[in-house]
Amino acid sequence: IFFFCLALLFGTTVSAQLVVKTKCPEFEVDLLNGTVNGIKCSDGIEYIKSKFPCFTSSEPEGQNTTCGGGVFFKDRDLFFYTLRNYVEIGEKFKGKLSLPLMGAARSRLFSMLGNPKLKDDNWEAYSLSYGTLLLYFSKAGRVNRIIMSSEGTETLRLCN
């Protein structure tokens, strides 16, 4: 009886440690339409979570939160800032981009996007049909961060 109880105790402990990891589809970013697998920059937290249940963290929307709320995929270097209506893509992004912008030289962007609406030493902002495409550059002059926003350049508020 003692060994039976001991085996039962260890058996339930081992099975309790097995957790199925939530799977997500591969992220496909359409930079010209401002979507990630069809999800827009302006879509809400619950909708994003339902489409991508593999998020690493989330923050409820509100003025008292750090960046106004969002859904974050740190392991894939993709961040949805829902109150501020933008998506940030880092240089370690795991997924597909409709245009090969990540790592692209600044000098090659005109052929893909035309002239930027605003320009600075470290970034360029392009006005597109959905809002703004903002590209940040490394010291070597290559794209290392992409932001898609449904806001125009006049109303865009980024989280620092």
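What counts, and at which threshold
Residues numbered from 1 in each chain as written. Predicted model: local features only at pLDDT ≥ 70, side-chain atom pairs only at ≥ 80, totals over all residues. Heavy atoms only, no water. Helix = DSSP H or I, 4+ residues; strand = E, 2+ residues; numbered from the N terminus. Buried < 20%, exposed > 50% of the residue type's maximum accessible area, 1.4 Å probe, protein only. Contact = heavy atoms within 4.5 Å. Areas by Shrake-Rupley, 256 points an atom, 1.4 Å probe, with all protein chains shown as cover. Pairing = 2+ DSSP bridges. Polar contact = N/O pair within 3.5 Å; in protein donor to acceptor, adjacent residues only side chain to side chain. Disulfide = S-S within 2.5 Å. Lys, Arg positive; Asp, Glu negative; His and termini not counted. Salt bridge = Lys/Arg side-chain N within 4 Å of Asp/Glu carboxyl O.

What follows deals with the overall build of the chain. Of regular secondary structure, the chain possesses 3 helices and 12 strands. Split into buried and exposed, the 160 residues of the chain put 38% on the buried side. Look at the contacts in the chain between residues 6 or more apart in sequence, and 42% of them connect residues 24 or more apart. Carbon and sulfur atoms make up 54% of the accessible area of the chain, which totals about 9,600 Å².

What the 4 strands build is an open sheet, ordered β3-β2-β1-β8; its pairing is mixed. In the strand order of this sheet, the two ends are held by β3 (39–40) and β8 (96–97), each with one partner. By the bridge criterion, 2 bridges tie strand β2 (residues 35–36) to β3 in an arrangement that is antiparallel. Directly across from T35, in β3, lies its bridge partner K40.

Turning our attention to the environment of S58. By secondary structure assignment, the location of S58 is in strand β4 (residues 57–59). Expressed as a C-alpha distance, the spacing of S58 and E46, which sit 12 residues apart in the sequence, is 10.0 Å. Sequence-distant contacts of S58, defined by excluding residues within four places in its chain, comprise K49, G70, V71 and F72. Among the polar contacts listed, one links the side chain of S58 to the side chain of K49, at a separation of 3.2 Å.

As a further point, take the state of the cysteines. Scanning the entire structure with this criterion turns up 2 disulfides. Sulfur-sulfur distance for the disulfide between C24 and C54 comes to 1.8 Å. Since a negative S-S torsion denotes a left-handed disulfide, the C24-C54 link at about -100 degrees is left-handed. A residue pair is termed long-range when its members are at least 10 positions apart, and C24 in the loop between α1 (2–16) and β1 (28–30) and C54 in the loop between α2 (45–51) and β4 qualify at 30 residues. C54 gets classed as buried once you look at its relative accessible area, which sits at 11%. Shown here is the disulfide that connects C67 with C159, its sulfur atoms set 1.4 Å apart. You can see C67 sitting in the loop between β4 and β5 (70–73) and its partner C159 sitting in the segment after β12 (143–149), a full 92 residues away along the chain. On the basis of relative accessibility, which here comes to 7%, the residue C67 falls in the buried class.

This paragraph deals with the side chain of D77. Here D77 is to be found in the loop between β5 and β6 (78–81). Summary of buried charges: D77 has no salt-bridge partner, and the nearest side chain of opposite charge, K92, is 6.5 Å away. Excluding its chain neighbours within four sequence positions, the residues that come into contact with D77 are E88, I89, G90, E91, K92 and F93.

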